[in-house]
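# Observations on the model geometry
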Amino acid sequence: MDFSEDILPIFISLFQILQSVICWPFPKAKKDLNGEVVVITGAGSGIGALLAAKLAKMGCVVVAWDINEEVLQSVIQQIKNAGGKAFGFKCDVSDREQVYFTAKESAKVAGDVTMLINNAGIVGGKNLLETDDEMVKKTFEVNAISHFWTTKAFLPKMMEKNHGHIVSIASSLGYFAAPKLTDYCSSKAAAAHFADALSVELYKAKSSVNVTWVCPYTISTGMFKGVFAGRPWMCNVFKPEFVADQIIQAIQENRNKVFLPKLLDILSLLKEVLPREAMMTFLSWFGVLDAMNDFIGRKKQA
Ligand SMILES: NC(=O)C1=CN([C@@H]2O[C@H](COP(=O)(O)OP(=O)(O)OC[C@H]3O[C@@H](n4cnc5c(N)ncnc54)[C@H](OP(=O)(O)O)[C@@H]3O)[C@@H](O)[C@H]2O)C=CC1
Ligand SMILES: CC1=C(/C=C/C(C)=C/C=C/C(C)=C/C=O)C(C)(C)CCC1
């Protein structure tokens, strides 16, 4: 019996069941999202598209942004066909002027924006010395710096109304590190810390605007196609539907940092206390050091 293939998935499931049983008598109040005006970046595919569809079903007015207009239009059409209210805008979030311009256009058609989901993300998947300087810059611009521009565009109205929610889809890789992902991991750490710092700033200002940052493990959207090849139990951990539902639940419960799965909370503590050699052995044991060997990602798919 292989520990990582046979026992770990059972352990993760048992941990989640235990957590649900412990929390069951203490259900958290959930806020109603009906009527919220939500901007979602990178809403043309994957988690962003699912969040758009689900939030529209819950009564939100969805403003979907994506760099790819074609996929965006099909997301908008599907929402409209299902009776939801949605607008789509082509916007490259790495371009500050486009963000500020699109933010104004969005508010003109949809009204004051009350929720912002910073979801757009890219990954190169190469060792640092093989990564183009431009790719390093772009990864930071899309995965982290864009959050400054979108937040600066929408936060003033939220603060004025003392109502709003800013969500950052970061990554478990903002806390854990793996080879061939130095640019990705560090940009996601920046995104998570941006959200953390913003939430402290808003707390000090006694604002009711909430901040949530989500740090998921691998999701089968295609963005990380090929990761952990040969270890299917490690690469297909999360279905996008499940992650989208968990993100919405975290927003409704006004939670701050959300690791998916919650077991990563414990592993992140372990990371702080384990000696380096022990940590490296642990990573190699779980195949993390070779996780990106067969990485394909989204762009190389035919
Ligand atoms: N998939 C995973 O395993 C995990 C993903 N995440 C994070 O979740 C988020 C969503 O990922 P996922 O749904 O899997 O990925 P997808 O690739 O399916 O979705 C990302 C979307 O962002 C769009 N996008 C890329 N660059 C820009 C840009 N400059 N401006 C606007 N939109 C842009 C993409 O468009 P196009 O396709 O045209 O480039 C795409 O529609 C990302 O931030 C990702 O880092 C976190 C943990 C795990
Ligand atoms: C480092 C590390 C791990 C590996 C995490 C990895 C490799 C996560 C990949 C996540 C992805 C692809 C996120 C995308 O944004 C484990 C196994 C949890 C054990 C604890 C230490």
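The structure under discussion appears in the preceding block.
Attention here is on the structure that accompanies the text. Here the structure is a predicted model, which is why all the values come from computation and not from measurement. (Residues numbered from 1 in each chain as written. Chains lettered and ligands numbered in written order. Predicted model: local features only at pLDDT ≥ 70, side-chain atom pairs only at ≥ 80, totals over all residues. Heavy atoms only, no water.)

## Topic: the overall build of the protein
Using the following cut-off: In DSSP terms, a helix is any run of H or I states spanning at least four residues, a strand is any run of E spanning at least two, and both are numbered starting from the N terminus. Our radius of gyration is a C-alpha quantity, and the globule rule it is checked against amounts to 2.2 Å times the number of residues to the power 0.38. Burial classification: accessible surface area is computed with a 1.4 Å probe over protein chains only, and a residue below 20% of its type maximum counts as buried, one above 50% as exposed, and the rest as partly exposed. We call two residues in contact whenever any of their non-hydrogen atoms come within 4.5 Å of each other. Accessible surface is estimated by sampling points in the Shrake-Rupley manner with a 1.4 Å probe; for residues, cover comes only from the protein chains shown. By the counting rule applied here, Lys and Arg register as positive and Asp and Glu as negative, while His and the ends of each chain are not counted. Note that the charge is assigned to NZ on lysines, CZ on arginines, CG on aspartates and CD on glutamates.
Check the secondary structure of the protein and you find ten helices and seven strands. In summary, the protein has a C-alpha radius of gyration of 19 Å against a globular reference of 19 Å for 302 residues, a match within 12%. In terms of overall dimensions, the protein has C-alpha extents of about 60 × 50 × 40 Å along its principal axes. The burial tally for the protein puts 47% of its 302 residues in the buried class. Long-range pairs, those at least 24 residues apart, make up 71% of the contacts in the protein with a sequence separation of at least 6. Of the roughly 15600 Å² that the protein leaves accessible, carbon and sulfur atoms contribute 59%. Of the side chains in the protein, 32 bear a positive and 30 a negative charge, and the two mean positions are spaced by 5 Å.

## Observations concerning the site of ligand 2
Selection rule: Working definition: residue near molecule or strand if any one of its non-hydrogen atoms lies within 4 Å of it. Counted as a polar contact is a pair of N or O atoms within 3.5 Å, where, for protein atoms, one must be capable of donating a hydrogen and the other of accepting one, and residues adjacent in sequence contribute only when both atoms are in side chains.
Residues in close proximity to ligand 2 total 18 residues, the closest being Ser171, Leu173, Tyr184, Tyr217 and Thr218. Contact distances for ligand 2 include 2.6 Å between an oxygen atom and a side-chain N or O atom of serine 171. Between ligand 2 and the protein, one listed contact pairs an oxygen atom with a side-chain N or O atom of tyrosine 184 at 2.6 Å. Contact with the protein chains removes 94% of the 540 Å² of surface that ligand 2 exposes when unbound.

## Observations concerning the packing of aromatic side chains
To keep it simple, the criterion reads: In summary, the pairing rule links any two rings of Phe, Tyr or Trp, Trp by its six-membered ring, whose centres are within 6.5 Å, and it sorts them by plane angle into stacked for under 30 degrees, edge-to-face for over 60 and tilted for everything else. A ring is scored as having a charge over it whenever the NZ atom of a lysine or the CZ atom of an arginine sits within 6 Å of its centre and within 35 degrees of its normal.
Inspection of every chain in the model, using the stated rule, returns twelve aromatic pairs. A centroid spacing of 5.4 Å and a plane angle of 70° characterise the contact between tryptophan 285 and phenylalanine 286, whose relative ring orientation is edge-to-face. Within the aromatic cluster, the residues linked to one another by ring pairs are Tyr175, Phe176 and Phe259. Its guanidinium or amino end placed over the ring of tryptophan 149, arginine 96 lies 5.3 Å from that ring's centre, counting from NZ or CZ.

## Let's talk about helix α2 (residues 46-57)
Short version of the rule: By this rule the span expected of a helix is its residue count minus one, scaled by 1.5 Å.
Given a rise of 1.5 Å per residue, twelve residues ought to cover 16 Å, and the 17 Å separating the end C-alpha atoms of α2 matches this to within 8%. Listing the buried residues of α2 in full gives Ile47, Gly48, Ala49, Leu51, Ala52, Lys54, Leu55 and Ala56. Looking at the packing, one finds that the buried side of α2 touches β1 (37-41), β2 (61-66), α3 (69-81), β4 (115-118) and α8 (240-252). Looking one or two residues past α2, glycine 59 carries a phi angle of roughly 100°, positive in sign.

## So, the site of ligand 1
In the vicinity of ligand 1 lie 29 residues, with Asp66, Asn119, Tyr184, Thr221 and Arg298 positioned nearest. Side-chain polar atom of aspartate 92 to a nitrogen atom of ligand 1: 2.8 Å apart, as the coordinates give it. With respect to ligand 1, the backbone of valine 93 contributes an N or O atom lying 3.0 Å from a nitrogen atom. For ligand 1, the accessible surface in isolation is 890 Å², of which the surrounding protein chains cover 94%. Of all the elements in the fold, those that place two or more residues in the shell around ligand 1 are α2 and α6 (182-204).

## Quick word on the nonpolar core
Put simply, the rule reads: The criterion is simple. A nonpolar core is a set of buried Ala, Val, Leu, Ile, Met, Phe, Trp, Tyr and Cys residues joined through side-chain atoms within 4.5 Å.
Core analysis: the biggest nonpolar cluster contains 86 residues, and Leu55, Val62, Trp65 and Ile117 have the highest contact counts within it. Top contributing element to this core by residue count: α6, with eight residues.

## As for the sheet that holds β4
Our working definition: One requirement defines pairing of two strands: DSSP has to find at least two bridges between them. Axes here mean lines fitted to C-alpha atoms, for a helix over just the part in contact, with angles spanning 0 to 180 degrees between N-to-C directions.
Read across the open sheet, the seven strands follow the order β3-β2-β1-β4-β5-β6-β7; overall the sheet is parallel. Both outer strands of the open sheet, β3 (85-90) and β7 (257-260), are each paired with one neighbouring strand and no more. Strand after strand, the sheet turns through a mean of 15° between neighbouring axes, direction not considered. Relative to β4, β1 runs parallel, the two being bridged by three bridges. Note that in β4 the partner of valine 39 across the bridge is leucine 116. Seen against the sheet, α2 touches β1, β2 and β4 and runs at an angle of roughly 170° to β1. Here α8 sits on the sheet in contact with β4, β5 (165-169), β6 (210-216) and β7, set at roughly 145° to β5.

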